[in-house]
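What follows is each chain in one-letter form.
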2 protein chains.
Amino acid sequence: MTQEPLPARLPLTDRTRHRRLREQGSLERADLEAILDAGFVCHLGVLVDGRPLVVPTVYGRDERWLYLHGSVASRSLAGETPVCVTVTHVDGLVLARSVFEHGVNYRSAMIHGTARKVTDPEEKLEGLRRLTEHSAPGQWSYARRPSRKELAATTLLALCLEEASVKIRTGAPDDGDGPDAALGLWAGVLPLTTVWGTPEPDPALPAGTAVPDHIARRAGTRHG
Amino acid sequence: MTQEPLPARLPLTDRTRHRRLREQGSLERADLEAILDAGFVCHLGVLVDGRPLVVPTVYGRDERWLYLHGSVASRSLAGETPVCVTVTHVDGLVLARSVFEHGVNYRSAMIHGTARKVTDPEEKLEGLRRLTEHSAPGQWSYARRPSRKELAATTLLALCLEEASVKIRTGAPDDGDGPDAALGLWAGVLPLTTVWGTPEPDPALPAGTAVPDHIARRAGTRHG
C-alpha cells in the first residue's frame, strides 16, 4: 500500500499547541525523529477502566509508524484505543539563581493517536525487526528470529507518527539578566550523560564465546 | 495532622497485581522508595478530553506524598483527578539468543491515585523544598527561595504513595537453559549507566564565580 509521506512540519492541533514559554516547541518532523531515534524506551499512556495507566515499553519506527511492544497494555487495548506515547531524554539540571527558575534540559516527544494491534504477519515481522534493530542494531541478523508461535504470542502495536508535540530545552538558566543575577550565586547546568557499558556475558555461556562486534563496539558510546 | 505511616508492604489491587512473568514484581515499599529516590523525572499520565496525556515532570517526596511540578498538566486538573505516575530507570539491554527473549533490565514504579493541587502555603513551600532537594540537593539553602508571588504561580500536585506497583528486571537473558543455548550465540546484558558531568557555568556569570561544593561534588557520580 503506497501512502503519501508524512509532512515535514508537524500539525498544530489542540493537543500539540505549546502553552509554556520556557521550553522550545518544535514543529520539525526531523526533531521528532531525532528524539525517537535517540532512545528505545517510551512511556505509553492508555485508559484502563476510565483511568490513565502509564507503562514503559520498547519501540521502533519507520517513516510513518511507531511500533510498540504492547504486552503490558494489551489487556486494555480492545480494538482501536486512544493512546499517548512520550519519549523523554533528560540532558541536565538547570541550576538557576532562584529556586523558581530551576528546571531541566531535556528533549521530549509526545505522540497522540489511536493505537492498533498489528495483525498482518508480514507487517508484524517487519515491525518487530524495526523494534529489535532500534534498540539492538545487528541483533535481527544475529539472533534467532521469531517462530510463528512466538510471533503469535507477541503483541505489537502501531501508532501513526502524524500528530506529535516536540519540546526541547537547552542552555543556561533564564535568570542571568534579571535582578537575581546581582545575588552573586553560581548558576549553570549540571549535565547528565548516559553511556553503554561493557557487555556482561550470560553466566550460562560456554567459556570463550566471543562478543560479536556489533555489540562490543557500542561499549563506551553515548546513548540518548 | 498526624497520620498513620503507610504500610511497609504495598497493597495488592486490580491495578497493582502483576500479570507478566519475566519481570519481578515487588511489594516492598522500600523498593518503591529506592526507585523514586534514584530519579527526579517521572511521566505523569492524566486524562484530557477523555484521552490519555503523558507528560514528563519533576518530583520529590516525603514518606506519604509524591510532589509533582504540575504546570504542564494543570489545565486538565480541575479538582481531584485520577492520575498514574511512572518512574523508570533503564539499566541495560537484555540480548538473548532469540529475538523473542530480548528485553530490558529496568526498575520501574507506577503510582496510581488521585492528584490534588496543593493550596496550603506551608505544605506548598515544604513540597517545593522536597522537590528541589530531590533533584538538586543543597540548592534550597543556596538559591533564592520562592517569593509569595512565585509560590502562587507554581502548580504543585500531591499524590499519595499508597497504591503502587513496582517491577524490577535484573540479570541475564532467560534462554540460557533452553534449546536456543545450543545455537552457540553470545548472550548477555549491555549495561546502560547515567552519570553527572562537569558543571557548565551560565555564560552570564561574572568570571571566577566559584562552583559551590554541593554542585561540584556530583560531577562523575552515577545517577539512577
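As annotated in an unreviewed UniProt entry, chain A is Flavin-nucleotide-binding protein from Streptomyces fodineus.

Some points on the nonpolar core
Membership of the largest hydrophobic core comes to 110 residues, with the highest contact counts inside it found for Leu66 of chain A together with Leu66 of chain B. Aside from chain neighbours lying at most four places away, what touches Leu66 of chain A is Leu36, Tyr59, Gly60, Arg61, Val85, Ile111, Leu157, Ala158, Leu159 and Leu161 of chain A.

So, the domain arrangement of chain A
Residues and elements named next belong to chain A. The assigned domain composition of chain A is domain 1 (24-174) and domain 2 (193-224). Taking only C-alpha atoms into account, the centre of domain 1 sits 24 Å from that of domain 2. Regarding the contact of domain 1 and domain 2, the summed buried area is about 680 Å², with carbon and sulfur atoms giving 50% of it. The interface formed by domain 1 and domain 2 includes zero salt bridges. Run the count over domain 1 and domain 2 and you get four residue pairs in polar contact (both at pLDDT 80 or more). For the side of domain 1 that touches domain 2, the residue count by class is five nonpolar, five polar and one charged.

Here we look at helix H1 (residues 29-37) of chain A
Side chains of residues three or four places apart in an α-helix project in the same direction, reflecting 3.6 residues per turn. Residues and elements named next belong to chain A. Arg29, Leu32, Ile35 and Leu36 are the residues of H1 that are buried. Buried residues of H1, viewed axially, fall in a sector of 125°; they line one side. On its buried face, H1 sits against strand E3 (51-61), strand E4 (65-69), strand E5 (81-95), strand E6 (103-117), helix H2 (121-135) and strand E8 (163-169).

A word on the environment of Arg222 of chain A
Among the secondary structure elements, Arg222 of chain A is positioned in strand E11 (residues 222-223). When near neighbours in sequence (up to four residues on either side) are disregarded, Arg222 of chain A contacts Leu192, Thr193, Thr194, Val195 and Trp196 of chain A.

Quick notes on the interface of chain A and chain B
Facing the 90 residues of chain A at the interface are 90 residues of chain B. Both faces combined, the contact of chain A with chain B buries some 7,300 Å², and carbon together with sulfur accounts for 67% of it. For the chain A face of the interface with chain B, the top three residues by lost area are Arg51, Val99 and Trp186 of chain A, together amounting to 11%. Linking chain A to chain B there are four salt bridges. Between Arg97 of chain A and Asp202 of chain B there is a salt bridge whose closest N-O contact spans 3.0 Å. Summed over the shared surface of chain A and chain B, the result is 28 residue pairs in polar contact (both at pLDDT 80 or more). Examining the composition of the side of chain A that touches chain B, we find that nine residues originate from one element, strand E9 (residues 188-196) of chain A, more than from any other. For the side of chain A that touches chain B, the residue count by class is 49 nonpolar, 26 polar and 15 charged. Across two bridges, the pairing between E9 of chain A and strand E10 (residues 200-201) of chain B is antiparallel. The partner of Gly188 of chain A across the bridge, within E10 of chain B, is Pro201 of chain B.

Conventions adopted
The residue numbers shown here count from 1 along each chain, following its written sequence. Note on labels: chains are lettered from A, ligands numbered from 1, in written order. Note on the predicted model: pLDDT of at least 70 is required for a residue's local features to be given, and 80 or more for side-chain atom pairs to be given and counted; whole-chain, interface and lining totals, by contrast, use all residues. Hydrogens and water are ignored here; the side-chain numbers use all heavy atoms of the structure. To qualify as a nonpolar core, a set must consist of buried Ala, Val, Leu, Ile, Met, Phe, Trp, Tyr and Cys residues joined through side-chain atoms within 4.5 Å. Each residue is placed in one exposure class: buried if its accessible area under a 1.4 Å probe, protein chains only, is under 20% of its type's maximum, exposed if it is over 50%, and partly exposed if it falls in between. Note on definitions: a residue-residue contact is assigned when non-hydrogen atoms from the two residues lie within 4.5 Å. Domain extents, as shown, originate in an automatic or database domain assignment. Note: buried area is the sum, over both parts, of the accessible area (probe 1.4 Å) each one loses when the two are combined. The salt bridge definition used is simple: a Lys or Arg side-chain nitrogen within 4 Å of an Asp or Glu carboxyl oxygen. N or O atoms closer than or at 3.5 Å make up a polar contact, with two conditions inside protein: a donor-capable atom paired with an acceptor-capable one, and, for residues adjacent in sequence, both atoms drawn from side chains. All amino acids are sorted into three groups, where Ala, Val, Leu, Ile, Met, Phe, Trp, Tyr, Cys and Pro are nonpolar, Asp, Glu, Lys and Arg are charged, and the leftover types, Gly among them, are polar. The helix count covers DSSP runs of H or I at least four residues long, the strand count covers runs of E at least two residues long, and both are numbered beginning at the N terminus. The directions considered for the arc run from the helix axis to the C-beta atoms. At least two bridges found by DSSP between two strands are what make those strands a pair.

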